[in-house]
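Here are the chains, one letter per residue:
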Amino acid sequence: MRLLVVEDNARMALLLQRGLVEEGYVVDVTGDGLEAMELTAERSYDAVVLDVMLPGADGFEVCSDMRRAGRWTPVLMLTARDEVDWRVRGLECGADDYLVKPFAFAELTARLRALVRRGAPERPATLTNGALRVDPSARRVWNTDQEVILAPTQFDLIELFVRHPGEVFSRSRLLTEVWDIAADPRSNVVDQHVGSLRRKLAEVADWDDLETVRGIGYRLRPLPPAG
């Protein structure tokens, strides 16, 4: 089995390469994000061990580039930072697992074995509902093939709705899912953001698919892909 290790710390890269070769893997190594993009485009890997902080392009960019191109090789992301936001960002850009430095080599190999066993089932690069397209990895949205530039919270809202068309989301659930806070559901923060999201999507083309469910919340009307 062939792995790609993307790590710009030369000592760490060498240790990983030696240890993984002893485990029976064929290992390619690079310390540059742009070169990692080229390697994943040119060669087939069973998994990628990907550091976040890299020259050329960071690990988030490398992983997003792979997913946009439809390359679903399992990615184990490494970072020295343990903040929740960083872990969430890594998973949102398409990483399959996340390991914080310093780590035990035995844990890394166990996680790699699990990822390799799981394989790389093809996942859709974009989510669609009618003329709306959402790319979760790149965090981009199009309405009738025109890109719509959204604020982070607006994107989080539309991604949630497109993943669950037809499902009614209460204001309190949206506060929990998108804001991750237990705020007063009578607050108008949800309504304000939904209103701004509707206006943004309608600026480029007619769009009124996000319905208000009176007294409860909101629902995205499920639609077949635009022909």
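Residues numbered from 1 in each chain as written. Predicted model: local features only at pLDDT ≥ 70, side-chain atom pairs only at ≥ 80, totals over all residues. Heavy atoms only, no water.

(A) Broad picture of the overall build of the protein. Helix and strand counts for the protein come out as eight helices and 12 strands. Taken along its principal axes, the extent of the C-alpha atoms in the protein is 60 × 40 × 30 Å. If you take every contact in the protein between residues at least 6 apart in sequence, the share linking residues at least 24 apart comes to 56%. When the accessible surface of the protein is summed, it comes to about 11600 Å², and 49% of that surface belongs to carbon and sulfur atoms. (Helix = DSSP H or I, 4+ residues; strand = E, 2+ residues; numbered from the N terminus. Contact = heavy atoms within 4.5 Å. Areas by Shrake-Rupley, 256 points an atom, 1.4 Å probe, with all protein chains shown as cover.)

(B) Main features of the packing of helix H2 (residues 33–42) against helix H3 (residues 59–68). Between H2 and H3, the least distance of the axes is 9 Å, while the angle of their chain directions is 20 degrees. Classified by the angle between their axes, H2 and H3 sit roughly parallel to one another. Viewed along their axes, H2 and H3 form a crossing whose handedness is right-handed. Judged by residue contacts, Gly33, Ala36, Met37 and Thr40 of H2 engage Glu61, Val62, Asp65 and Met66 from H3. Residues belonging to the contact of H2 with H3 are distributed by class as follows: four nonpolar, two polar and two charged. (Axes fitted to C-alpha atoms, helices over the stretch in contact; angles between N-to-C directions. Parallel < 35°, antiparallel > 145°, perpendicular 65-115°, else oblique. Left-handed = near helix turned anticlockwise from the far one by under 90°. Nonpolar A, V, L, I, M, F, W, Y, C, P; charged D, E, K, R; others polar.)

(C) Here's a closer look at helix H1 (residues 10–22). Compared with the 18 Å implied by 1.5 Å per residue over 13 residues, the 18 Å span of H1 between its first and last C-alpha is a close match. Residues Ala13, Leu16, Gly19 and Leu20 constitute the buried set of H1. For H1, the arc enclosing every buried residue in end-on projection is 140 degrees, short of the 170-degree limit, so these residues lie on one face. Seen from the buried face of H1, the exposed residues on the opposite side, beyond 90 degrees, are Ala10, Arg11, Arg18 and Glu22. For H1, the elements touching its buried residues are strand E1 (2–6), strand E2 (26–30), strand E4 (75–79) and helix H5 (105–118). The opening residue of H1, the one whose side-chain oxygen lies 3.1 Å from the backbone nitrogen of Arg11, is Asn9. In the stretch just after H1, Gly24 is the one whose phi turns positive, near 105 degrees. (Expected span 1.5 Å × (residues − 1). Buried < 20%, exposed > 50% of the residue type's maximum accessible area, 1.4 Å probe, protein only. Arc of directions from axis to C-beta. Polar contact = N/O pair within 3.5 Å; in protein donor to acceptor, adjacent residues only side chain to side chain.)

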